[in-house]
Amino acid sequence: MSPAILLVLALGLGLAGWLAARARAWTFRRDSANGRIAALPVYHAWYVALWIVVPVLLFVGLWSVIAPQLISQSVLASPAASDLPAFGFQRDAILSEARSVASGSAKAVFNEAANGLVEPYRAAISRYNLIGVLATLIIAFLAGAWAFLRIKPDFTARTRVEKAVMTILLLASLVAILTTLGIVVSLVFETIRFFGMVSPLDFLFGTQWGPDPMSNPNSPDGSRYGAIPLFWGTIYIGAVIAMIVAIPLGLMSAIYLTQYANPTLRKWIKPALEVLAGVPTVVYGYFAALTVAPAIRDAAFAVGITNASSESALAAGLVMGVMIIPFVSSMADDSIAAVPQAMRDGSLAMGATTSETIRKVLVPAALPGIVAGVMLAVSRAIGETMIVVMAAGAAANLTGNPLEAMTTVTFQIVAMLTGEGSFDHPATLSAFALGFVLFMVTLGLNFIALRVVKRFREAYE
Amino acid sequence: MVTVVHPNLEDTNAKMSARDVSVFYGDKKAIDDVSIDIPTKYVTAFIGPSGCGKSTFLRTLNRMNDTIPSARVEGEITLDGEDIYRSKMDVVQLRARVGMVFQKPNPFPKSIYDNVAYGPKIHGLVGSKSEIDEVVEKSLRRAGLWMEVKDRLEDSGTALSGGQQQRLCIARAIAVDPEVILMDEPCSALDPIATAKIEELIDELSGRYAIVIVTHSMQQAARVSQRTAFFHLGKMVEYGRTSDIFTNPLEKRTQDYITGRYG
Amino acid sequence: MSDRLAPTRTAEFEARLKKRYAAERRFKMAGLGAILFSVGVLAFLLVTMGFNGIGGFQRAEMNVPIDFTQAGLSGDPAVLAQPDAVQTLEAQGLPSIVDFYAEQKLGAEGAAHISASAWRLVADRIIDDPAILRGTATFSLPASAKLAAGLNGEGSPEMRALATSLAQQGKLETKLDLGFLERADATDPQQVGIWGALKGSMLTMIVTLLMAFPIGVMAALYLEEYAAKNRWTDLIEVSINNLAAVPSIIFGLLGLAVFLWIFPNMRSAPLIGGMTLALMTMPVIVISGRNAIKAVPPSIRDGALAVGASPVQVVFHHVLPLALPGILTGTIIGMARALGETAPLLMIGMRAFVATPPQDFTSPATVLPVQIFLWSDEIDRGFVERTSAAIIVLLVFLLLMNGLAIYLRNRFEKKW
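Conventions used here
Residue numbers here run from 1 along each chain, matching the order of that chain's written sequence. Working convention: letters from A go to chains and numbers from 1 go to ligands, in the order in which they are written. Where totals are concerned, whole chains, interfaces and linings use all residues; where local detail is concerned, this predicted model gives features only for residues with pLDDT of at least 70, and gives and counts side-chain atom pairs only at 80 or more. Hydrogens and water are ignored here; the side-chain numbers use all heavy atoms of the structure. Think of it this way: any DSSP run of H or I at least four residues long counts as a helix, any run of E at least two long counts as a strand, and we number them from the N terminus. In this treatment the radius of gyration is a C-alpha quantity, and the globule benchmark scales as 2.2 Å times the residue count to the 0.38 power. Accessibility here uses a 1.4 Å probe with only protein chains present; expressed as a share of the type maximum, an area under 20% marks a residue as buried, one over 50% as exposed, and anything in between as partly exposed. For this analysis, residues touch if any pair of their heavy atoms sits within 4.5 Å. Values of accessible area rely on a 1.4 Å probe in the Shrake-Rupley scheme; residue burial ignores everything except the protein chains shown. Counted charges follow a simple rule, with Lys and Arg positive, Asp and Glu negative, and His plus the chain ends left uncounted. To locate a charge, the coordinates of NZ of Lys, CZ of Arg, CG of Asp or CD of Glu are taken. Per residue, pLDDT measures the predictor's confidence, with a range of 0 to 100. By definition here, a salt bridge exists when the distance from a side-chain nitrogen of Lys or Arg to a carboxyl oxygen of Asp or Glu is within 4 Å. As a working definition, buried area equals the accessible area (1.4 Å probe) given up by two parts on being put together, with both sides summed. The definition of a polar contact used here is a pair of N or O atoms within 3.5 Å, where within protein one atom must be able to donate a hydrogen and the other to accept one, and adjacent residues in sequence count solely through side-chain atom pairs. UniProt positions are given in the numbering used here, feature names are shortened, and annotations may be inferred rather than shown by experiment. For two strands to pair, DSSP has to find at least two bridges joining them. Here is how to tell: hold the view so the strands point away, follow the path from the first strand over the helix to the second, and if it runs clockwise the crossover is right-handed. For Phe, Tyr and Trp, rings pair up if their centres lie within 6.5 Å, where Trp contributes its six-membered ring, and each pair is then called stacked (planes under 30 degrees apart), edge-to-face (over 60) or tilted (otherwise). What marks off one domain from the next here is an automatic or database domain assignment. Residues form patches when they are more than 30% accessible in relative terms and have no salt bridge. Like charges link within 9 Å. Nonpolar side chains (Val, Leu, Ile, Met, Phe, Trp, Tyr) link within 5 Å. The nonpolar class holds Ala, Val, Leu, Ile, Met, Phe, Trp, Tyr, Cys and Pro. Asp, Glu, Lys and Arg form the charged class, and all remaining residues, Gly among them, are polar. With axes taken as lines fitted to C-alpha atoms, and helix axes fitted only over the stretch in contact, angles between N-to-C directions fall between 0 and 180 degrees. Our angle categories are set so that under 35 degrees counts as roughly parallel, over 145 as roughly antiparallel, 65 to 115 as roughly perpendicular, and the remainder as oblique. The sense of a crossing depends on the near helix, which, turned anticlockwise from the far helix by less than a right angle, makes the crossing left-handed and, turned clockwise, makes it right-handed.

**With respect to the overall build of chain A**
A count of helices and strands for chain A gives 15 helices and zero strands. Computed over its C-alpha atoms, the radius of gyration of chain A comes to 31 Å, more than 25% above the 23 Å expected for a compact globule of 461 residues. Principal-axis analysis of the C-alpha atoms places the extent of chain A at approximately 85 × 75 × 40 Å. Per-residue burial for chain A yields a buried fraction of 48% across its 461 residues. For chain A, contacts bridging at least 24 residues in sequence account for 71% of all contacts bridging at least 6. Split by element, the accessible area of chain A, about 21,400 Å² in all, is 68% carbon and sulfur. Charge centroids of chain A, computed over 29 positive and 25 negative side chains, lie 17 Å from each other.

In structure tokens, the structure reads:
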């Protein structure tokens, strides 16, 4: 709650500085000989407001991270904390209960031991809140006063404000790099920890998957961390079954829409495909689990296959394929549209039929783009989580039978991180190693695909 | 010196002058060693075949070339004796003093009023609403547009006809009270009637500003300008009084161009 | 020589031509078939969800009249205005009063299948309107999940028989349950509601929007208008393009490893969920924003520069306002994707059972898609309908957002 108040406070102070500086700049302007000063008053206003808001925001950001730690420390130093259990979940649970009562988000404690800590918490929270507000005010006042004293009739406020704006824009664009870096660093860091416990060879080439989050974390059984069945399941569902559905249907949809359909049909079908692409994956997952999987099982029974499981690779793959159709379709649409009209005309002018032109001229010419689109589709399919979580099953089977349950990389990431294991257990950490593999593979696919698309576009420009 | 300058140019005071100006796009030299004095209260026309660099040179005069990342300017261009490419030169102020009108009319998609008021507002030339009203009316009057738009100042500038849009752009340029106005083929997108109006307007404005106009029409140059410079392949071939250039060119290439042998 | 036909006018050619036209028709049909299949699946999916979902907005309820004049509750308005009024009523024996009247009306068998917490509904009504204590009021109380299943023709034969007989006597009926839109999660499908998850989604989306929109727009402006062509810019562009294609679950891992490491006390808080989704949405906004900015004609920039606007003024006075509709369209589409996102939020713990709607950005919450996922795991038949109903709510929101985006696109689409 407290950071939100500080935030509002920061904006309020900024507004005050803005108004004060603008008023001052107007007096400069009135007093100057020709009614002109070096910059419009509004820039003086922004100059002061920026000087107030930016330092305060930096402080608030920092404070919202360190204040909770300071509060916990001061509570732990209080005499009431001396009877707490030394370490572990119980201690954390008691502390967090006391904290939520003290901050008003809970009414009463379940655990009696937390009762004594409520008061120290309440005192520490109000003390550090006060410190936070005071520090905010002091920082805002000092920075604002400094900026306010600098504004003069000949002060080039516009140039300064614009420099600040440019810096802020640059910083905003660096967030993308920071995010990428954050992903890589956090995945690599946890993966290295995992490989410290389980050999990378066991992980990458083992064929048995069955981590036990309750086992002794210090002596993990490397033979239970073989990820080959997961890789196989991922590829089988995402790159084989789903693509068998998505490529022909997506490609043919795109061809029909771009080459045959009249504008009215196009106007209605395109949004429908967009809706299909916009349906959340959890809905597809539910559809797969509730409707498609039982239908497949019943169909299998009907033709005499009795060991079909109710969670099957086929159900997940089919629904995933449907989900990918609009994606393949729009990529193919773009690629075909990029082929110069002259090529099509050339073929038609020789008397080729439309379908001959499409099959012999347009599709071959657009092939690099289509292949790149398929690669992007594959990378999307293997990263898809909810459909496999809800429909593919947990069993790590290394099989080619689409009617059996199979598990995937994404499924196991979810399973390992939402399970009971502690954060230091190799079973939990294996999720990050799997995530790292997934990240690298999708990155590679995208990188190649984007290069292919770029070269393909250049070829026709 | 490659340029032939007619000797009979009386010594008018130069508003802008270029000395040995070359412009590069990457490694390509687009303008080669151009020197010229642009007098105030005259219209100077740049003529030449397309691709000869006349527009490029025009855009160096208010540093619009800065917007092209690979462009580089060598030599010296001065405005009232001050080098406009010196590092301390404020480009914003320069462009307020050296206005520009473009080939295709480019009014902002805002109201007619806001189009004209924009420049004075950002430069802080006006304070109260009544001052802005005054500047808008004055500028539109000078651009010969006031009678046509005074009842619909809140309409979008893009709703006007092409010729009106171009006059609005001229009004927009003169609203900040510039000293020089650069016009880059201002009539090339307009019909003959609209063109005639713009030419009339240029004539009226010439008593007040230094005007530089780039045109591909020799007739237009002959009609509106007092000075003409002929550009060819990035070089300024010949510069002199318009009447002299058209009746008595000293250079063979100028003569060939004027008589329509190429272009 | 002259009577020899040209090869394109022979009978063989015409026979081949016939075949070629047949192939042409087959090809065209295949294309149409592909489209009809896609549209058909979409229609089937929507119909299935709609059909199941209608049941989710209803529930089996029983009418119980209670004569409060005989009940002996003290209807002191001052007491009922206290925040602990529910506990007071419980202490005064309201649950057994409800049971008593239920038994009178429905018989012992029927009363046993009033939902266990039904008296709370009565308590809420009393607190809202203490005047009803002066007379007899009729309450429509939810049946137990088992009885509700029986009414749907499922569950044990006894239940089905009981449900049928109660229904025939007009004591048990299926009623529209608008409370579904007002309640939060519960263990009993008869008691669940979607408001808790909906509020969680809204709080999360607010955080996402507040973070992703400004950062995304600023990054797009920087890259499109100011960035010099150099390695840094290339690196930023490559990062953004790749982030747009990174599987969403990876963002969940990032949120887990980074955000929950910085804010360890905020597991399953909308703040953390919103931040995680913001990182995912930001690239979408940047990419669509850049396209919108690119579409603003350069002549506008030239015009502004020529009257002496600075590069920052050009962008903020002219380019940004003109590009804004396009940017907003992309933002809404990105937000719609974030609203439907499940996997990354599972990673940061937004899968807990949250029975009260979240109070603020830091209290534990769940969101619509996660709620759907959690309910889909429940075995109870009642949850199937509730899940479909929740999906309808989610799809309605997505449809509204996409509709708004399409409207913006059509309304402000400009041909320059």
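Next comes the rest of the description.
**Thoughts on the confidence of the model for chain A**
Considering every residue of chain A, the mean pLDDT works out to 87; 95% of them sit at 70 or more. At the level of individual helices and strands, chain A shows its lowest average pLDDT in helix H3 (residues 89–102) of chain A, which scores 73, and its highest in helix H7 (residues 228–260) of chain A, which scores 94.

**Regarding the pattern of salt bridges**
All names here are of chain B. Evaluated as defined, the whole model comprises 34 salt bridges over all chains. Arg86 is paired through a salt bridge with Glu82; the nearest N and O atoms lie 3.8 Å apart. What makes Glu82 partly exposed here is its relative accessible area of 35%. Salt bridges here are not isolated pairs; linked through shared partners, they connect Lys15, Asp80, Glu82, Arg86, Arg97 and Glu179.

**Points about the confidence of the model for chain C**
The predicted model of chain C has a mean per-residue pLDDT of 87, with 98% of residues at 70 or higher. As a predicted assembly, this complex carries a pTM of 0.88 together with an ipTM value of 0.90.

**What about the interface of chain A and chain C?**
On the side of chain C, 75 residues touch chain A, which itself brings 79 residues to the contact. Between chain A and chain C, a total of about 6,700 Å² is buried, with carbon and sulfur atoms accounting for 79% of that surface. Contact with chain C buries surface across chain A, with Leu169(A), Tyr256(A) and Tyr286(A) losing the most and accounting together for 10% of the total. Taken together, the links from chain A to chain C amount to one salt bridge. The interface formed by chain A and chain C holds nine residue pairs in polar contact (both at pLDDT 80 or more) in total. Sorting elements by how many residues they give to the side of chain A that touches chain C places helix H5 (residues 157–197) of chain A first, with 19 residues.

**Some words on the UniProt feature "transmembrane region" (unreviewed entry) in chain A**
Residue and element names in this part refer to chain A. Sequence positions flagged by UniProt for "transmembrane region" (unreviewed entry) are, in local numbering, residues 46–66, 130–149, 164–185, 230–251, 272–293, 313–340, 361–382 and 431–453. In this annotation, residues 230–251 is assigned 100% helix and 0% strand; the end-to-end C-alpha distance for the span is 29 Å. The distance from the first to the last C-alpha atom of residues 361–382 is 31 Å, and the span holds 100% helix and 0% strand.

**Topic: the pairing of strand E9 (residues 210–214) of chain B**
Residue and element names in this part refer to chain B. For E9, a buried count of five out of five residues is recorded, marking the element as mostly surrounded by other parts of the structure. Residues Ala210, Val212 and Val214 line one face of E9 and the alternating positions Ile211 and Ile213 line the opposite face, and both faces are buried. Relative to E9, strand E4 (residues 43–47) runs parallel, the two being bridged by four bridges. If you follow Thr44 over to E9, its bridge partner there is Val212. Handedness of the crossover joining strand E8 (residues 180–184) and E9 through helix H7 (residues 192–205) is recorded here as right-handed.

**Regarding the interface of chain C and chain B**
Contacts between the two partners involve 16 residues from chain C, matched on the other side by 21 residues from chain B. In this assembly, chain C packs against chain B so that about 1,500 Å² is buried in total across both faces, 66% of it on carbon and sulfur atoms. Sorting the residues of chain C by area buried against chain B places Leu305(C), Ala306(C) and Val307(C) first, and these three jointly supply 37% of that buried surface. Our count for the contact surface shared by chain C and chain B stands at four residue pairs in polar contact (both at pLDDT 80 or more).

**Structural notes on the UniProt feature "transmembrane region" (unreviewed entry) in chain C**
Residue and element names in this part refer to chain C. In the UniProt entry, the feature "transmembrane region" (unreviewed entry) is given for residues 29–51, 202–223, 243–263, 269–293, 314–336 and 389–408. End-to-end, the C-alpha atoms of residues 29–51 are 31 Å apart, and along that stretch the chain is 100% helix and 0% strand. The span residues 269–293 is 96% helical and 0% strand by assignment, and the distance between its end C-alpha atoms comes to 35 Å.

**Quick look at the packing of aromatic side chains**
Applying the stated rule across the entire model yields 25 aromatic pairs over all chains. Ring geometry for Tyr47(A) against Phe155(A): centres 4.9 Å apart, planes inclined by 65 degrees, an arrangement best described as edge-to-face. In this pair, Tyr47(A) is assigned in helix H2 (residues 41–77) and Phe155(A) in the loop between helix H4 (115–150) and H5, connecting sequence segments 108 residues apart. Phe155(A) matches Tyr47(A) in its accessibility class, with the two residues each being buried. Here the aromatic rings of Phe180(C) and Trp375(C) are separated by 6.2 Å at their centres, their planes lie at 40 degrees, and the arrangement is tilted.

**Some words on the domain arrangement of chain A**
As assigned here, chain A comprises domain 1 (3–155) and domain 2 (222–460). For domain 1 of chain A and domain 2 of chain A, the distance between their C-alpha centroids amounts to 48 Å.

**Details of the environment of Pro340(A)**
Counting through the fold element by element, Pro340(A) comes out in the loop between helix H10 (313–338) and helix H11 (341–349). Considered as a pair, Pro340(A) and Leu362(A) are 22 residues apart in the sequence and their alpha carbons are 9.2 Å apart.

**Details of the side chain of Thr180(A)**
Tracing the backbone shows Thr180(A) in helix H5. Aside from chain neighbours lying at most four places away, what touches Thr180(A) is Ser239(C) and Leu243(C).

**Thoughts on a positive patch on the surface**
A cluster of like positive charges, contributed by Arg359(A), Lys360(A), Arg25(C) and Arg26(C), occupies part of the molecular surface. Of all the secondary structure elements, the ones that give two or more residues to the positive patch are helix H12 (354–383) of chain A together with helix H1 (11–56) of chain C. For Arg25(C), the location among the structural elements is in helix H1.

**Notes on the domain arrangement of chain C**
Where interface size is quoted, it is often the accessible area lost as the parts come together. All names here are of chain C. Examined at the domain level, chain C breaks down into domain 1 (2–54), domain 2 (59–176) and domain 3 (195–412). Centre-to-centre separation of domain 1 and domain 3, based on C-alpha positions: 40 Å. Opposite the five residues of domain 1 that make contact, domain 3 presents seven residues. Across the domain 1/domain 3 interface, buried area totals approximately 470 Å², and carbon plus sulfur atoms make up 71% of it. For the pair domain 1 and domain 3, the interface holds zero salt bridges. Inspection of the domain 1/domain 3 interface yields zero residue pairs in polar contact (both at pLDDT 80 or more). Partitioned by chemical class, the residues of the side of domain 1 that touches domain 3 number two nonpolar, three polar and no charged.

**Overview of the environment of Phe195(A)**
Residues and elements named next belong to chain A. One can find Phe195 in helix H5. Through-space distance from the C-alpha of Phe195 to that of Phe432 is 11 Å; in sequence the pair is 237 residues apart. Among residues more than four places away in sequence, those in contact with Phe195 are Pro200 and Phe203.

**Things to note about the packing of helix H3 (residues 112–122) of chain B against helix H6 (residues 162–174) of chain B**
All names here are of chain B. Closest axis-to-axis distance for the H3/H6 pair is 7 Å, and the angle between their directions is 30 degrees. When the axes of H3 and H6 are compared, the pair comes out roughly parallel. Crossing angle aside, the handedness with which H3 passes H6 is right-handed. Counted together, Ile112, Asn115 and Val116 of H3 and Leu168, Ala171 and Arg172 of H6 form the full contact between these two elements. Grouping the constituent residues of the contact of H3 with H6 by class yields four nonpolar, one polar and one charged.

**Section: the sheet that holds E8(B)**
Sheet strands line up and pair through hydrogen bonds in the backbone, either parallel or antiparallel. All names here are of chain B. Spatial ordering of the open sheet is given by E1-E11-E10-E4-E9-E8-E7, a layout of seven strands whose pairing is mixed. In this open sheet, the two strands that pair with only one neighbour each are strand E1 (4–5) and strand E7 (98–101). The pairing of E1 with strand E11 (residues 235–241) spans two bridges and is classified as parallel. Counted as the bridge partner of Val5 is Tyr239 from E11.

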